[in-house]
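Chain and residue survey
Residues per chain, in single letters:
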Amino acid sequence: MNAASSQTTTITYDDRTVRQFMIASIVWGLVGMLVGVICATQLSWWQMNGKFLETITFGLFKGEGLQYLTFGRLRPLHTNAVIFAFVGNMAFAGIYYSTQRLCKTRTASDLLSKIHMWGWQLIILSAAVTLPAGLTRGKEYAELIWPINIAVALVWVVFAINFFWTLAKRNEPSLYVALWFYIATIVTVAMLYIVNHLSIPTSLIHSYPIFGGLQDGLVQWWYGHNAVAFFLTTPILGIMYYFLPKAANRPVYSYRLSIIHFWSLVFIYIWAGPHHLLNTSLPRWLQMLGMLFSLMLWAPSWGGMLNGLLTLRGAWAKLRTDPVIKFFAAGITFYGMATFEGPLLSIRAVNQLSHYTDWTIGHVHAGALGWNGFMAAGMFYWLAPRLWKTKLWSSSLANMHFWVGLVGILLYVAAMWTAGIMQGLMLGQVAEGGTTLKYEFVETLKAIQLPYILRSIGGTLYLVGFGMCALNIFKTARSGKPTDDTVEVHIPVKEYDRLRMGEALFRDPVAYCLLGILTLVLWFFLPPHADKAALVATAILVVKGVRAFRRNGHSWDQWHESLLRNYLPFTVLTFVAVAIGGGVQIIPSLLVNRDKNVEGRLQELYTPLELAGRDLYVSEGCYNCHSQMIRTLMPDVMRYGRAGVKDDFSHLGESLYDHPYQWGSKRTGPDLAREGGPLVSGSTHVRAGKRDNKWHWFHFMNPRWASEDSNMPPYPWLFEQKTDFKSLPVKIAVQRQIGVPFPAWTKDEIDQQAREQGMAIARSLFEGNSPVGYEPMKGASTEELVRHFSETQVVALIAYVQKLGTYREIPKDGPPQPKPLDPDSYRNMTEKNEIYLKGETSSTN
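Bear in mind that the values here come from a model prediction, so they are computed numbers and not experimental data. (Residues numbered from 1 in each chain as written. Predicted model: local features only at pLDDT ≥ 70, side-chain atom pairs only at ≥ 80, totals over all residues. Heavy atoms only, no water.)

1. With respect to helix α1 (residues 15-42)
For the record, the criterion: Numbering of helices and strands starts at the N terminus; helices are DSSP runs of H or I of at least 4 residues and strands are runs of E of at least 2. Take the number of residues in a helix, subtract one, and multiply by 1.5 Å to get its expected span. Relative accessibility thresholds used throughout: buried, under 20% of the residue-type maximum; exposed, over 50%; partly exposed, between the two (1.4 Å probe, protein chains only). In the analysis that follows, any N or O atom pair within 3.5 Å is treated as a polar contact, provided that within protein one partner can donate a hydrogen and the other can accept it, and provided that, for residues neighboring in sequence, both atoms belong to side chains.
The end-to-end C-alpha distance of α1 is 41 Å, a good match for the 40 Å that 28 residues give at a rise of 1.5 Å each. In terms of residue burial, α1 counts as a mostly covered element, since 21 of its 28 residues are buried. Capping of α1 at its N-terminal end is provided by Asp-14; its side-chain oxygen lies 3.4 Å from the backbone amide nitrogen of Arg-16.

Take a look at the structure:
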């Protein structure tokens, strides 16, 4: 940077980092989408889990499958690659490009930019290696193991320092709209990521989350839902507010609408996570809160969409010729569609049908492919000619990309809507007479095979379209020369960033808003009568706030304008707005939902071998297809519950010690919550669940043995690989630290228990009537087989599956008492007392 005069200076922007992020986004986008297509085909043809290698290697590879290519391991790779690699790099490219120009200064530190860029790529590379290897935390979009989590946090801090440092040295007094959304992205993602990834390591490659069961589910979807909000939405909205007016050569339609859009979106979005857990054992007050705030999201989401589309006023003619406008307009439209559908799916009645089916998958991909993918393409086509100082290589190819991609999306989404609704209706249909279900689970799977194939075709078309984009950008770059923009900017008098924190925060708008929210929260949590007083206080505060605004609304406008000239108070207020919702939902669940408060059913502890089997279950990604949560819906109870057991939906206490929780979000296979059962008579180690040990043996070896229409992959490696007994003492010690009441066993006791149970289960397989066989060890004696398989992973996994859903009854003395911070306990006291008087105390919902 060279000073041209006392009033102006010459700036050379760092566009090299922008180019690098953009290229990385395109490369990882191709990888992520290709893996997605493979995952899609695996649901139609089980051979795509590795068996197909026999064909393409002309027989060099021999085997029923490959553990690194199963759906359970590849799906997390696909989601992480698309979210963090494709969209993440695209967002960084847009943020680095626009922030420099909006601040009229070069990025604060080239070194930090390089650390951010290459650190992020190393993280993605680490994920690409560890996830297929089965190294996972077992939580959707949060699967990466703890050393990578720390790397993510550190790189994010580097990004944040570089960004806020650039804001501090800016030559533009006021913060433009796009920067607001970037600020919200940085502070909120940091908060979400850190809280959801709090874990205690057991080794370099494994850890247990500190939250368990319900708490883990709530924290996970607080993170998961808001990863969509603050990683896939707010940075792209910032990009929309910068690049769309540039491309259309029009100002943003409404600045005031931008203000309302921003503050309402960042405040409301964070509350909506519980709508992912409707009709489960999540406390009812949390379900209703999640649903209510999800419905409220319609307003800010559509406000943003309309602000974007109306920015194109007077420029609609460009839709015929300009691929950039075409992609932006379609992307914003998909944003509107997805944000209409999201609140719709959060309505409990609709959610009954959509949750655990492919409808949700279709909804997610409408956002990912339509909103994120098309906005990325529009930005790439706009940026590439400017970054390489040339013309776009082929507008015709860009237009072809648009139409091929659009057809691909529509085919994909329509197929998933069809599959999801069909599956949901079939699963919930009761046979004539009302005592049995009309369809077996596998029948629903067969019924949706055609939509599954159409989904694969749609995804392939989208991948082909994106390949055209990659070719077009590559050719454009080859036809030009990498060039960093140099501009002369005016240096303003430093009369901004002077506002004191107290002066910014303790003003009428903030005071009325915070006090009103506080009394509203108190209304929700206080016992009867006190809650009414809090509600009256809220009403009074609203009236006083409105009067204050009408009396001196001009000063409120001035306050907001002054806030935009002071980035630190603005950032603090943004953080406060997003932190409130999470705190109100999560903190009570951490304090209330503990084993000492559980009524009815409390989970039985796992044995050491069962815990080892559970870790294998998580490692194989079984949660991607199977849930362990029977919802409170009658068809679900009839299908997955036990005959003759009253209220056999999953109760809160049944998964209290599960770290991580395994409630799942999709049912490609049936729910496993009641798969386990009691100990076999006379045995202290072998359990008898819905099916015996031999059934599970054959099922893991060849799922087509159990059902010829199953699309589950075989797991031959479980029969060869040994269970890691040595790690069990550390794992159990860590579980004790996070609150699981394991006895204080010694290492020898743990090892002995695991081996004894392994031997007992192996004997149940190879001894007695109809022992199982194993072709590779044909000729081995029974004792040799028992000793060999007692240490194998398949026996540990059988031990875990046979333990699923076991619990002990917890009787309570006296009528249920209200619990502080549990609104359900106040509002349902009358009902609970009636239940108690009838002798039914099992439900905590």
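2. Things to note about the domain arrangement of the chain
The criterion, for reference: The domain boundaries here were taken from an automatic or database domain assignment.
Domain assignment breaks the chain into domain 1 (19-490), domain 2 (501-592) and domain 3 (601-771 + 779-811). Computed over C-alpha atoms only, the centres of domain 2 and domain 3 are separated by 48 Å.

3. A word on the packing of helix α9 (residues 255-269) against helix α21 (residues 567-592)
Our working rule: A fitted line through C-alpha atoms represents every axis, and for helices the fit uses only the stretch in contact; the resulting angles, taken between N-to-C directions, go from 0 to 180 degrees. Any angle that falls under 35 degrees is termed roughly parallel, while one over 145 is termed roughly antiparallel, one within 65 to 115 roughly perpendicular, and all others oblique. Any two residues whose heavy atoms approach within 4.5 Å at even a single point are treated as in contact. Each residue receives one of three labels: charged for Asp, Glu, Lys and Arg, nonpolar for Ala, Val, Leu, Ile, Met, Phe, Trp, Tyr, Cys and Pro, and polar for the others, Gly being one of them.
Close contact between α9 and α21 brings their axes to 7 Å; oriented N to C, the two are set at 40°. With respect to α21, the element α9 is oriented oblique. Counting all contacts with α9, which are made through Phe-262, Trp-263, Val-266 and Phe-267, the residues of α21 involved are Phe-570, Leu-573, Thr-574, Ala-577, Val-578 and Ile-580. Across the contact of α9 with α21, the residue classes break down as 9 nonpolar, 1 polar and no charged.

4. What about helix α4 (residues 110-130)?
End to end, α4 covers 30 Å across 21 residues, agreeing with the expected 30 Å (1.5 Å per residue, within 8%). For α4, the full list of buried residues reads Leu-112, Ser-113, His-116, Met-117, Gly-119, Trp-120, Gln-121, Ile-123, Ile-124, Ala-127 and Thr-130. Buried residues in α4 make contact with α1, α3 (71-103) and α5 (146-168). With a side-chain oxygen lying 3.3 Å from the backbone nitrogen of Leu-111, the N-terminal cap of α4 falls on Ser-109.

5. Focus: the side chain of Lys-694
Note the threshold: His is not counted here, nor are the chain ends, while Lys and Arg score as positive and Asp and Glu score as negative. Only one rule defines a salt bridge in this text: a Lys or Arg side-chain nitrogen within 4 Å of an Asp or Glu carboxyl oxygen.
Counting through the fold element by element, Lys-694 comes out in helix α24 (residues 693-701). Asp-692 provides the closest opposite charge to the buried, unpaired Lys-694, separated from it by 6.2 Å. Here Ser-770 takes part through its backbone oxygen, which lies 3.2 Å from a polar atom of the side chain of Lys-694. Apart from the residues within four sequence positions on either side, Lys-694 is in contact with Ser-764, Leu-765, Glu-767, Asn-769, Ser-770, Pro-771 and Val-772.

6. Digging into the nonpolar core
Rule in force here: Here, nonpolar core refers to any group of buried Ala, Val, Leu, Ile, Met, Phe, Trp, Tyr and Cys residues whose side-chain atoms link them within 4.5 Å.
Of all hydrophobic cores here, the largest spans 224 residues; its most connected members are Trp-120, Phe-380 and Trp-697. Take this core: its biggest share by element is 18 residues, from α3. With residues up to four places along the chain from it excluded, the contact list for Trp-697 reads Phe-719, Leu-765, Phe-766, Val-772, Gly-773, Tyr-774, Phe-789, Val-794 and Ile-798. Judged by nonpolar contacts, the second largest core, of 7 residues, contains Leu-427, Ile-630, Phe-649 and Ala-673.

7. Some words on the environment of Met-291
Assignment of secondary structure puts Met-291 in helix α10 (residues 284-296). Between the C-alpha atom of Met-291 and that of Pro-274, which follows or precedes it by 17 residues, the distance is 7.4 Å. Apart from residues lying up to four places away in sequence, Met-291 is in contact with Ser-346, Ile-347 and Arg-348.

8. Section: the environment of Ala-511
One can find Ala-511 in helix α19 (residues 508-525). Classification of Ala-511 by relative accessible area gives partly exposed; the value is 31%. The sequence separation of Ala-511 and Leu-541 amounts to 30 residues, and the corresponding C-alpha distance is 9.8 Å.

9. Section: the packing of aromatic side chains
As a reminder of what qualifies: Note on ring pairs: Phe, Tyr and Trp rings are taken, using the six-membered ring of Trp, and paired if centres are within 6.5 Å. Classes follow the plane angle, with under 30 degrees stacked, over 60 edge-to-face and the rest tilted.
Following the criterion strictly, the structure yields 64 aromatic pairs and no others. A centroid spacing of 5.8 Å and a plane angle of 70° characterise the contact between Trp-180 and Phe-262, whose relative ring orientation is edge-to-face. You can see Trp-180 sitting in helix α6 (residues 177-196) and its partner Phe-262 sitting in helix α9, a full 82 residues away along the chain. Exposure remark for Trp-180: the relative accessible area of 0% places this residue in the buried category. The interplanar angle of 15° and the centroid separation of 6.2 Å between the aromatic rings of Phe-374 and Tyr-462 together place this pair among those described as stacked.

10. Some details on unusual backbone geometry
Residue His-659 is joined to Pro-660 through a cis peptide bond whose omega torsion reads 0°. You will see that Lys-104, though not glycine, has its phi angle at about 55°, which is positive. Within the element layout of this structure, Lys-104 appears in the loop between α3 and α4.

11. Observations concerning the pattern of salt bridges
Counting across every chain of the model gives 37 salt bridges. As a salt-bridge pair, Asp-648 and Arg-601 come within 3.4 Å of each other at their nearest N and O atoms. Of this pair, Asp-648 sits in the loop between α23 (634-640) and α24 while Arg-601 sits in strand β6 (residues 600-603), and the two are 47 residues apart along the sequence. Like Arg-601, Asp-648 is buried. Of the charged contacts in the structure, one is a salt bridge between Asp-648 and Arg-674, with a shortest N-O distance of 2.9 Å. Within this pair, whereas Asp-648 is found in the loop between α23 and α24, its partner Arg-674 is found in the loop between α23 and α24, the two being separated by 26 residues in sequence. The class of Asp-648 is buried, set by a relative accessible area of 0%. One connected set of salt bridges, linked through shared partners, spans Arg-601, Arg-642, Asp-648, Glu-654 and Arg-674.

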